[in-house]
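What the coordinates show
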Amino acid sequence: MADEKKEPPKAAEGVGGGSLAKPDAGAPSKSPAPAGAGSGVPAAPAKPPAAAPPKPAAAVPPKPAAPKAPVKPDPWSSPLLDELQKRFPGAISEAVIFRNMPSLNVAKEHLVAICQFLKGPDGGAYTLLTDETAADYPKRERRFDVVYHLYTFEGNTRLRLRVQLGAEEKVASVTSIWPTANWLEREIYDMFGVVFEGHPDLKRILLPDEWVGHPLRKDYDILKQDEAWVKANLGIKSGQ
Amino acid sequence: MAESAFKFVTATPLLLALIKILIVFAVVSGIVAYLVYMERKVLAFMQARLGPMRVGPWGLLQPVADGLKLLLKEDIIPAGADEWLFLLAPAISIFAAFTVFAAIPFAGNFFVTDINIGLLFILGVSSLGIYGIILGGWSSNSHYPLLGALRSAAQLVSYEVAAGMALVGVLLISNSLSMVDIVNRQFGMGVWNVFLQPLAFIIYLIAAVAETNRNPFDLPEAESELTAGFHTEYSGFRFALYFMAEYTNMVVVSCIAVTLFLGGWLRPFANFAALDFLKFTPIVAFLGAAVFVLWLGLKSSIALDRYFFMVLAAGCVVLAILVAYPPVLSAIQGIFWFGAKVLAFLYAFIWYRATFPRYRYDQLMDVGCRWMIPLALANLIVTAVGRYFWLSHHVATTVTWLGR
Amino acid sequence: MPEATFLDANELVINMGPQHPATHGVLRVKLRLDGERVLGTECIIGYLHRGVEKIAENRTYAQFTPYVDRMDYCAAVTNGMGYVEAVEKLLGVEIPPRAQYTRMILAELQRIASHLIWLGTHALDIGAMTPVFYTFREREEVLKIFEEYCGARLTTHAFRIGGLQYDLYDGFERNVVKFCDYFLPKIDEYEQLLTKNRIWIRRTRNIGILSAEDAIALGVTGPVLRGSGVKWDIRKAQPYEAYDKVEFDVPVGEHGDTYDRYLVRMAEMRQSVRIIRQCVERLGPGPIFGKVGKVIKPPAGEVYHSIEAPKGELGYYVVSDGTVNPYRVRVRPPSLLNLQALDKMARGHLIADVVAIIGTIDIVLGEVDR
């Protein structure tokens, strides 16, 4: 990933026609990657070259990014949320909406009950679990996010649920509510090592059964692999 | 010298038979090889592509290349296979397929032998071919071949019944089991059996496709389901034997259909003196072939191909001239018409393959048992009754009168 | 002969794949059979796993764009479209109409191409040999348009985050309209071969029935869901690009069987032609790139964006931490979730139907395994 390091000079370009308040340069202070530093140069509030939309940066060399207010998710309010708060007090720790997609942080103890409720007619009939996945934030106290994307045909809206888990924590499976979750949870188990309780057949799905390690964890380097498995099964020293 | 040799041969039936067998074997093998080529070409043209073009002009040497390739490939016997049966099975298939030709009259004056139970012999021997398939599938000791073999067994047994009963209708009309007699009878009646037994003909047509494991009944080797069916584990020349057996069987069932239903070697309207000019068709056919080949050659951009096709066209013209010589013309009549009809049948086989999806196993049995067998049975009864009261006497006289 | 063979067992377990002519790649289906009747199936996938999601975390947003083409390699354009739109959504960028309509034209052409591959291989699986050659002939015309537009035929990398890399070449509209005129009669040709064919009907009617409830419960999307009678198309329900500005119908089936799914896809190809024609009419001059910088650095946040890919709902869940690399990219592949319905659909049928059902689900293993 050497290329990013070469980028910064250009990175300063100031994202596109900056007429909108939205885009660009998420909170400079937070950005850990070296490239992010490029935007940190807090120069003149840079009127971006709105006249030349297609190639803004190339013409005007070092146009530093405007130090706009970072785009933040807005708090979400809806009857559904109120209903949820009422029924499951304390279960929802955060409710925001970002880019038209409401997102709820759900306590893992209440997950199944909330899912059950959401699937029912009172809860908005979220009958379709479009996706279930996870993300790994090793620096956080509870490192895993298990993310559910729900869809309701009646309301034609989507909803995101998120459960935060510590490294060794388990979460209840939602396969009993949405059978779709079967393979999706297997994949999460495979890639992140998150264990789902009550899953009918929790085993690896994409990687070989004997594989050691969970590749989508952030501490699993992209060049890393299960050397022993590769040697035993492929008869080569390394797959790289 | 030549004359005495000819006398010796004709006076020694065994030698004569051997020579005939050799001729038939060689010709049929060649036909089978080029049948594969024809299938590939015809399918290709139906499917907006060219087919084999690389080996020789227009891919004409493709069968040779295929044969060589298969000969040189390793002959694999899977671990756990029943070795003896595994080796024997393809031989059974090909043996059964070729033996049938002994009883098929290619022309009124050319057949290996005319046995008085010719049809029974043919049915009996060709049914043996199924042993090759079942044993091959079973002895491979593998899942897909076994399933293929089982399918094949069920399919052949049920369709053999329908086909056999359809043929009995013809027998009732012909009064004979000898293939030569059956054709002669059609000549005598002045009408092909297909017009007297249309239902039997259709039933036989369908059953024949099923018996040869061809699309839409190619379940024993359904590629998309069973990889290659009963011959999944075969390689090299043993695979080639199965392959040849399948195509030989196509020729066999076509020959049977032509002989029994389409007047064998008789030209159309053989009894009508007014249509005698049809006997010049071979000359026209060869000339037409010459023109076609010449056209191909002129179209080709490869110099070698052009010369080749010109030579081929010249050859066709020479043949046409040769055929125009009256004794040759009359000698070749039978074989020409027989060949033309068989070719039409084979073309139909290929045509089906390009057109139809594949039946499912249970649907195939359904069609066979619920439709074909009852229909064949009904046909048989109607024919028997009809023949007893009316057909044998009446039609025969009318037709003889027509043919006068 | 070995002592014990499978012949002794009452249940026959057979492995269909990973090398099998009808599993569309390296799918392995473990079938439990009683004779030829299927008692149960188990899909074993992952033979084509390339760790695309891991790769994403180690690339910049723009660098990852070509990788998504390699997932569903039969529909690279729509795959790319889903990804760039997801990132655009994250950035909060609008793209100009000319770029939108261009994307729609290419995406619908890709839908046609993808459905053509499906039709050809599906028919081939059921034993009809000829359609595959016809469909590839027509697909070739689509690929020619792609090639002239962006230089690639299969993994096109046609779109960029924020718009298009290239403006349309001269004569693009003409070529596209010419293709539409050429293609419509060809659909009739396929239908002549199959739609009323008795064998085809017997092989597909009442095979692999999936009720609407089951389909939704199993997360099935796309033509498979519509074949079950659920009128849901993301292009209509939650329009992206300019799909809300064009007219088209969403074909649905009634019985949820293989034949209905066949009809739905055939009708979808006609609708795609309709969409393409409208897009070409509206394709005015104008810029082709939205207001996006050279370096794409979305604000911290996460989006889920999904489009109606030829095979179903293709979703991208992109998490940004405010750097140039995505923190997490999750691909929600339609094939994977549709494939999960195989067991439900195949139980009680025969082996031959399993092949038909795999065909009707229309999977691409590159996408299932990622």
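The structure this text deals with has already been given above.
Criteria and thresholds
- Residues numbered from 1 in each chain as written.
- Chains lettered and ligands numbered in written order.
- Predicted model: local features only at pLDDT ≥ 70, side-chain atom pairs only at ≥ 80, totals over all residues.
- Heavy atoms only, no water.
- Helix = DSSP H or I, 4+ residues; strand = E, 2+ residues; numbered from the N terminus.
- Rg over C-alpha atoms; globule rule 2.2 N^0.38 Å.
- Buried < 20%, exposed > 50% of the residue type's maximum accessible area, 1.4 Å probe, protein only.
- Contact = heavy atoms within 4.5 Å.
- Areas by Shrake-Rupley, 256 points an atom, 1.4 Å probe, with all protein chains shown as cover.
- Lys, Arg positive; Asp, Glu negative; His and termini not counted.
- Charge placed at Lys NZ, Arg CZ, Asp CG, Glu CD.
- Buried area = accessible area lost by both parts, 1.4 Å probe.
- Salt bridge = Lys/Arg side-chain N within 4 Å of Asp/Glu carboxyl O.
- Nonpolar A, V, L, I, M, F, W, Y, C, P; charged D, E, K, R; others polar.
- Core = buried A, V, L, I, M, F, W, Y, C linked by side-chain atoms within 4.5 Å.
- Phe/Tyr/Trp six-rings, centres within 6.5 Å; stacked < 30°, edge-to-face > 60°.
- Pairing = 2+ DSSP bridges.
- Axes fitted to C-alpha atoms, helices over the stretch in contact; angles between N-to-C directions.
- Polar contact = N/O pair within 3.5 Å; in protein donor to acceptor, adjacent residues only side chain to side chain.
- Parallel < 35°, antiparallel > 145°, perpendicular 65-115°, else oblique.
- Left-handed = near helix turned anticlockwise from the far one by under 90°.

1. Brief notes about the overall build of chain C
A tally of helices and strands in chain C yields 15 helices and 8 strands. Compactness check: chain C gives a C-alpha radius of gyration of 21 Å against a globular reference of 21 Å for 370 residues, within 12% of the reference. Dimensions of chain C along its principal axes, counting C-alpha atoms only, are 70 × 45 × 35 Å. Each of the 370 residues in chain C was classed as buried or not, and the buried ones make up 70%. Considering only contacts in chain C between residues 6 or more positions apart, those separated by 24 or more positions represent 72%. For chain C, the computed accessible surface area is about 11200 Å², with 51% contributed by carbon and sulfur atoms.

2. Looking at the overall build of chain B
Per the secondary structure count, chain B includes 15 helices and 0 strands. Its C-alpha atoms give chain B a radius of gyration of 23 Å, near enough to 22 Å, the size a compact globule of 404 residues would have. Oriented by its inertia axes, the alpha-carbon framework of chain B measures out at about 65 × 60 × 50 Å. Look at the contacts in chain B between residues 6 or more apart in sequence, and 77% of them connect residues 24 or more apart. In chain B, 23 side chains carry a positive charge and 21 a negative one; their mean positions are 11 Å apart.

3. Focus on the interface of chain B and chain C
With 36 residues of chain B in contact, the opposing surface of chain C contributes 40 residues. Together chain B and chain C conceal approximately 3200 Å² of surface at their shared face, both sides included; 61% is due to carbon and sulfur atoms. Linking chain B with chain C are 2 salt bridges, by the criterion used here. With a shortest N-O distance of 3.1 Å, B:Asp366 and C:Arg202 are connected by a salt bridge. Those elements giving two or more residues to the side of chain B that touches chain C turn out to be α2 (13-46), α6 (143-174), α10 (223-226), α14 (326-355) and α15 (361-403) of chain B. Grouping the constituent residues of the side of chain B that touches chain C by class yields 16 nonpolar, 10 polar and 10 charged.

4. Description of the nonpolar core
Of all hydrophobic cores here, the largest spans 171 residues; its most connected members are A:Leu104, A:Leu118, A:Tyr148, C:Ile45, C:Leu109 and C:Tyr316. Residues within four places of C:Leu109 in sequence aside, it is in contact with C:Val142, C:Ile145, C:Phe146, C:Val176, C:Phe179 and C:Ile276. Within the second largest apolar cluster, 79 residues are counted, among which are B:Val32, B:Ala103, B:Ala166 and B:Val194.

5. Section: the side chain of C:Thr156
On the secondary structure map, C:Thr156 appears in the loop between α5 (131-150) and β4 (159-160). When residues no more than four places from it in sequence are discounted, the contact partners of C:Thr156 are C:Asp69, C:Ala76, C:Val77, C:Phe146 and C:Cys150.

6. Some thoughts on the pattern of salt bridges
Scanning the model with the defined rule gives 54 salt bridges over all chains in all. As a salt-bridge pair, A:Asp136 and A:Arg143 come within 2.8 Å of each other at their nearest N and O atoms. Grouping residues by exposure puts A:Asp136 and A:Arg143 together as buried. Between C:Arg274 and C:Glu247 there is a salt bridge, and its shortest N-O distance comes to 3.9 Å. Here C:Arg274 is found in helix α11 (residues 258-282), whereas its partner C:Glu247 is found in the loop between α10 (234-237) and α11, with 27 residues between them in sequence. Under the relative-accessibility criterion, C:Arg274 is labelled partly exposed at 31%. Within this structure, C:Glu108, C:Arg111, C:Arg226, C:Asp233, C:Arg235, C:Glu268 and C:Glu308 form a network of salt bridges that share partners.

7. Looking at the packing of aromatic side chains
Residues and elements named next belong to chain B. On inspection of all chains with the given rule, the structure shows 37 aromatic pairs over all chains. Taking the centre distance of 6.1 Å and the plane angle of 35° together, the rings of Tyr 204 and Phe 261 count as tilted. Residue Tyr 204 is located in helix α9 (residues 198-211), and its partner Phe 261 is located in helix α11 (residues 236-261); the two are separated by 57 residues in the primary sequence. The pair formed by Tyr 204 and Phe 261 is uniform in burial state, with each residue classed as buried.

8. Observations regarding the sheet that holds strand β1 (residues 12-16) of chain C
Residue and element names in this part refer to chain C. One open sheet holds the 3 strands; their spatial order is β1-β2-β3, and the pairing between them is antiparallel. Strands with a single pairing partner mark the edges of an open sheet, and in this sheet they are β1 and β3 (37-44). Between one strand axis and the next, the sheet turns by 20° as a mean value, whatever way the strands run. As paired elements, β1 and strand β2 (residues 28-34) share 5 bridges and run antiparallel to each other. Its bridge partner being in β2, Leu 12 is matched across the sheet by Leu 33.

9. Concerning the sheet that holds strand β6 (residues 301-309) of chain C
Pairing between the strands of a sheet comes from backbone hydrogen bonds, and it takes one of two forms, parallel or antiparallel. All names here are of chain C. One open sheet accounts for 3 strands, arranged β6-β7-β8; its pairing is antiparallel. Of all the strands in the sheet, the pair left with one neighbour each is β6 and β8 (326-332). Shown here is a sheet whose adjacent strand axes are inclined to one another by a mean of 15°, direction ignored. Pairing of β6 with strand β7 (residues 312-320) involves 9 bridges; the strand directions are antiparallel. Following the sheet pairing, Glu 302 is matched in β7 by Val 319.

10. Digging into the side chain of C:Asn338
Residues and elements named next belong to chain C. For Asn 338, the location among the structural elements is in helix α12 (residues 334-339). Side-chain polar atoms of Asn 338 contact the backbone nitrogen of Thr 221, separated by 3.1 Å. Among all residues touching Asn 338, those that are not within four sequence positions of it are Gly 219, Val 220, Thr 221, Val 224, Lys 311 and Ile 361.

11. Looking at the environment of C:Arg347
Residues and elements named next belong to chain C. The topology assignment puts Arg 347 in the loop between α13 (342-346) and α14 (351-361). By relative accessible area, Arg 347 is classed as partly exposed at 43%. Sequence separation between Arg 347 and Tyr 190 is 157 residues, and the spatial gap between their C-alpha atoms is 29 Å. In this structure the side chain of Arg 347 is engaged in a polar contact, spanning 2.9 Å, whose partner is the side chain of Asp 343.

12. Section: the packing of helix α2 (residues 61-69) of chain C against helix α3 (residues 76-91) of chain C
Residue and element names in this part refer to chain C. The geometry of α2 relative to α3 is characterised by a closest axis approach of 8 Å and an angle of 150° between their N-to-C directions. With respect to each other, α2 and α3 are oriented roughly antiparallel. Once α2 is placed against α3, the crossing between them reads as right-handed. When α2 is examined against α3, the residues Tyr 61, Phe 64, Thr 65, Val 68 and Asp 69 are found in contact with a partner set consisting of Ala 76, Asn 79, Gly 80, Tyr 83, Val 84, Val 87 and Leu 90.

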